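# Examining the three-dimensional arrangement
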Amino acid sequence: MIIDCHGHFTTAPPALGQWRERQIKNFEDAGARLSPDELRIDDDEIRTAIENGQLKLQRERGTDLTLFSPGAGKMAHHYGDAETSRVWSRVSNDLIARVCGLFPDNFAGVCQLPQSPGDALAESVRASAAELERCVTELGFVGCLLNPDPSDGYWQAPPLTDPVYYPLYEKMVELDVPAMVHVAMSRNPAVQGTCAHYLNGDTAAFMQLCESDLFTDFPTLRLILPHGGGAVPYHWGRYRGMMLDRGRPPLEEALLGNVFFDTCVYHRRGLELLTDLIPAANVLFASEMIGAVRSVDPETGRRFDDTLALLDSLDSLGPAEREAIYGGNALRVFPRLVRHLDKQEAAR
């Protein structure tokens, strides 16, 4: 089974974005709340969006299942207040649940968290733990997205290793679900979103983990760094050396029991580097389709985000490594995914 661990509903029906714009405007203009009941999207609209988008590409590329979350860039945690984020997350997650309900063989849910920057951070972390529990226990989701920068481009929050995040980590451990560490949009004009802020976020989060003892406090906590880990594999020697200079445990010992990397790397040489340096047990197949890059690579004739074709072309992966990366690791890192698949098999 080929499991794509990184997919977003970037093709959501326009009514979702229109509702969000009204929610933000109402709050900014008058402090007013927009009811979720005012969002109306029927099942046919969802089917059209999925069948002409993600499902079409699944079938063309030969993947089986996508772990599906709201559009990461649209999380936009800096808008409004904590209640704004709570309602927006609930609306977004409920829509993902409808996708998974309509296409249970093709998608499993990963939830957005109602994070907020500034003084609201601690409150929003507690709200995030509650929303995670709702999504896992009521909607059948298998993981969550965790934004290391809810200020959206200005990095005003403490590191992910700060105790302010511990209520969320306690809930993740209790529910046995991982988080993909994924920034949202960048409102900083000096930092472009998908090619600067995204990769900066992956790299910064890894360094935060290097400098902490988070996994001593939470030995079973699991975090996935998307986009191949940003700059991390390219500078693996720098991180190893830094750990030695500071008298820290070896990098592999300190982090690789808990930290995983996905394959959203859109060129062959980059994936060769990732899979050469990072153990196969720590790499999860992903494409982020339909996401940051949507064009066709003139060098290959395929879309840049067709990472399965790129991985298929690597000679350096043996059969066992390939099986682990393509699906086996996802089943281990997302153990609730096994329950999802068992449920679908029983239904059949």
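On a predicted model such as this, the values are computed, not experimentally measured, just so you know. (Residues numbered from 1 in each chain as written. Predicted model: local features only at pLDDT ≥ 70, side-chain atom pairs only at ≥ 80, totals over all residues. Heavy atoms only, no water.)

### What about helix H6 (residues 166–175)?
Rules: Three labels apply to residues, based on accessible area from a 1.4 Å probe with only protein chains included: buried if under 20% of the type maximum, exposed if over 50%, partly exposed otherwise in between. Numbering of helices and strands runs from the N terminus; a helix is a DSSP stretch of H or I covering at least four residues, while a strand is a stretch of E covering at least two. Contacts were defined at the residue level, with two residues in contact if any of their heavy atoms lie within 4.5 Å.
Taken together, the buried positions of H6 are occupied by Tyr 166, Leu 168, Tyr 169, Lys 171, Met 172 and Leu 175. Summarising the contacts, the buried residues of H6 are in contact with helix H5 (121–137), strand S4 (143–146), strand S5 (179–181), helix H8 (214–217), strand S6 (223–225) and helix H14 (336–347). Two residues or fewer after H6 comes Asp 176, characterised by a positive phi angle close to 60°.

### A few points about helix H1 (residues 14–30)
The condition that has to hold: Multiplying one less than the number of residues by 1.5 Å gives the expected span of a helix.
With 17 residues, H1 ought to run about 24 Å at 1.5 Å a step, and its terminal C-alpha atoms sit 24 Å apart, in line with that. Along H1, the residues classified as buried are Ala 15, Leu 16, Trp 19, Arg 20, Gln 23 and Ile 24. Packed against the buried residues of H1 are helix H4 (82–102).

### Describing the sheet that holds S6
The following threshold applies: We treat two strands as partners when DSSP finds at least two bridges between them. For helices, the fitted line uses only the C-alpha atoms of the stretch in contact; every axis is such a line through C-alpha atoms, and the angle between N-to-C directions lies from 0 to 180 degrees.
Taking strand neighbours across the sheet as the criterion, the 8 strands line up as S1-S2-S3-S4-S5-S6-S7-S8 in an open arrangement whose pairing is parallel. The open sheet has two edge strands, strand S1 (3–8) and strand S8 (283–284), and neither has a second partner. Pairing of strand S2 (residues 65–69) with strand S3 (residues 107–111) involves 3 bridges; the strand directions are parallel. Note on S3: the bridge partner recorded for Leu 67 is Ala 108. Relative to S3, H4 is tilted by about 170°, and along the sheet it contacts S2 and S3.

### Some points on the packing of H1 against H4
Threshold: Here is the rule for angles: anything less than 35 degrees is roughly parallel, anything more than 145 is roughly antiparallel, 65 through 115 is roughly perpendicular, and the remaining ranges are oblique. Three residue categories are used. Nonpolar comprises Ala, Val, Leu, Ile, Met, Phe, Trp, Tyr, Cys and Pro, charged comprises Asp, Glu, Lys and Arg, and polar comprises the others, including Gly.
With their axes 11 Å apart at the nearest point, H1 and H4 run at an angle of 170° to one another. In terms of orientation, H1 and H4 fall into the roughly antiparallel class. Seen from H1, the contacting residues are Leu 16, Trp 19, Arg 20, Gln 23 and Phe 27; seen from H4, they are Thr 84, Val 87, Trp 88, Val 91 and Leu 95. When its residues are assigned to classes, the contact of H1 with H4 shows 7 nonpolar, 2 polar and 1 charged.

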